[in-house]
Amino acid sequence: MDRERARGGLPLSGGGGQWMSLSPNDPPSRRQLSLRLRLALWSAALAGGALLGFALLSSWLIYQAKLDSLDARLQSAGPLARPGGPGDRRDFLPGGDRGALPPDPEAALARDLGLPADAEVGLLLINRAGEVVYQSPQWPNALTSISSRVGRFDGDRSRRGPRQLLTVRSADGPWRVAVRSTPLGQMAIAANLSALRREMATLRRIYALTIPGLLLAIGGGAWVLAGQALRPVRQLSQSISQVTAQGLHQRLPADPDPEFAPLITAFNAMLERLERSFHQASRFSGDAAHELKTPLTILQGELERAMQQVATGSAAQQTLGQLLDQVHQLSSIVRKLVLLSLADAGQMSIQRQPVDFSALVRDQLDDLSLLAPNLAVSAEIEPGVMVAADRDLLGQLVQNLITNAAKYNRPQGWVRVQLQSLPSQVHLTIANATTSLTATEASRLFDRFYRGQTARDRPTEGLGLGLSLAREIARAHGGDLVLAPSPADEAQFSLHLPVA
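Attention in this report is confined to the structure presented alongside it. (Residues numbered from 1 in each chain as written. Predicted model: local features only at pLDDT ≥ 70, side-chain atom pairs only at ≥ 80, totals over all residues. Heavy atoms only, no water.)

A separate point is the pattern of salt bridges. With the rule as written, the count across this model stands at 5 salt bridges. In this structure, the salt-bridge partner of Lys66 is Glu199, at a minimum N-O distance of 3.2 Å. Here Lys66, found in helix α1 (residues 35-75), pairs with Glu199, found in helix α5 (residues 194-241); they are 133 residues apart in sequence, far enough to count as distant. Residue Lys66 is classed as partly exposed on the basis of its relative accessible area, which comes to 33%. (Salt bridge = Lys/Arg side-chain N within 4 Å of Asp/Glu carboxyl O. Helix = DSSP H or I, 4+ residues; strand = E, 2+ residues; numbered from the N terminus. Buried < 20%, exposed > 50% of the residue type's maximum accessible area, 1.4 Å probe, protein only.)

Given below as structure tokens:
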């Protein structure tokens, strides 16, 4: 029988002998985000990229559309720019006379441009002699080059031609300027683009406030939809986790979803093959064990009779004694195989009766003092603990655990036994000093015929069936046997049984 230990391990759900290490060297897959969360994050990221692209593109298009609209208004702004207006009247420009200019041309120009009354606009009128007829008070200094350029024209350009549009930057912001030649001179109209920039800044703030909310809504929706889409996978996982060696006859219900129907069909077919193979193996081990019982019994009887017929202490008697020991070992293996085959088939016969578990554990500890007198044994046994169990099977279970504690102990080591009764179950803990075992060995603790490296290196009797049989006996009684987390220098088994 083998004893193995999981250092710093935690039990996996659904298995008493399966353990998972929490070492910092664990593969990254154990810390990977769930598929549902990844789908939600990817959906939010893709939507965020699309929304950001939409925001940038729409901001640029809106800005260009507003700029084009302003350019169009600059080209047809008010009576100052239309043919027949004051700019075309010959009594307007001679001698620098303001002529028919309105009292506040900037306000009228702002109205014609569709801008607020307080918007910054400028007007510059120059006659053919190069004299400035009118210049707005807020005409920016950065536009002086425009003023000098406006003053240069020749006879060919004196006719009304298309306006020139340009953007000039100044200390108070960028200005959009339209320059046009008229028969009597030249005219420049400028509008400050700061108001347009403020409108675009407001639009960007709206985007900055609404896009995160939309991303949260999209991420939440993707989380919900992913949960709905993965619900069949969770149901499939729950159904698979309930399939055990004793429940291989179970089948997963068919799913109408065409995405999961082939998976469920393939899994049910695999269960059918496993059930058939498992039953064949169980019948073979059970039948073989039953067939071996009779020859071994006959062989044991013949060897005992032969030992009585030879001289005491002779070489023949010693040889026969060794053969008889091997027969006893084979008989023990056969008995264990029979019990395991019955447990696999769910047919282990349990003769339940009230058993004084406290007295049974004390009796086994008395045997331990004879088996390993060099070990320090400490026991905390609650008196009068009763369980409803098969006394013989329960005695074999406790014997296997205590024997393992003695076999796989350190020299001059120790064994600690604790028995207590809880409201709904009885808890037996058996711990002992031991050497460190690898996580791989610990994961195969209850495998049949498995012996760890420590057991193989020592001249220790055992076949690797004791712990597997002990766990099957515990489960047949409605309990379980597991390897509990323990410090590095000890191994601790925990047995749980229902109270009587």
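With that settled, the discussion passes to the nonpolar core. With 43 residues, the main nonpolar core has Phe357, Val361 and Leu428 as its most contacted residues. With 8 residues, helix α9 (residues 391-407) is the single largest residue contributor to this core. Those residues in contact with Phe357 that sit more than four places away from it in its chain are Val385, Val387, Leu394, Val398, Leu419, Val426, Leu428, Leu495 and Leu497. Membership of the second largest hydrophobic core comes to 24 residues, among which are Leu109, Ala110, Leu113 and Ile189. (Core = buried A, V, L, I, M, F, W, Y, C linked by side-chain atoms within 4.5 Å. Contact = heavy atoms within 4.5 Å.)

Next up on the list: the sheet that holds strand β11 (residues 414-421). As summarised here, the arrangement of the 5 strands in space is β9-β11-β12-β14-β13, forming an open sheet in which the pairing is mixed. The open sheet has two edge strands with one neighbour each: β9 (376-381) and β13 (480-484). If you compare each strand with its neighbour and ignore which way they point, the axes differ by 15° on average. Judged from the 9 bridges that link them, strand β12 (residues 425-433) and strand β14 (residues 490-498) form a sheet pairing that is antiparallel. Bridge pairing in β14 places Ala431 opposite Gln492. (Pairing = 2+ DSSP bridges. Axes fitted to C-alpha atoms, helices over the stretch in contact; angles between N-to-C directions.)

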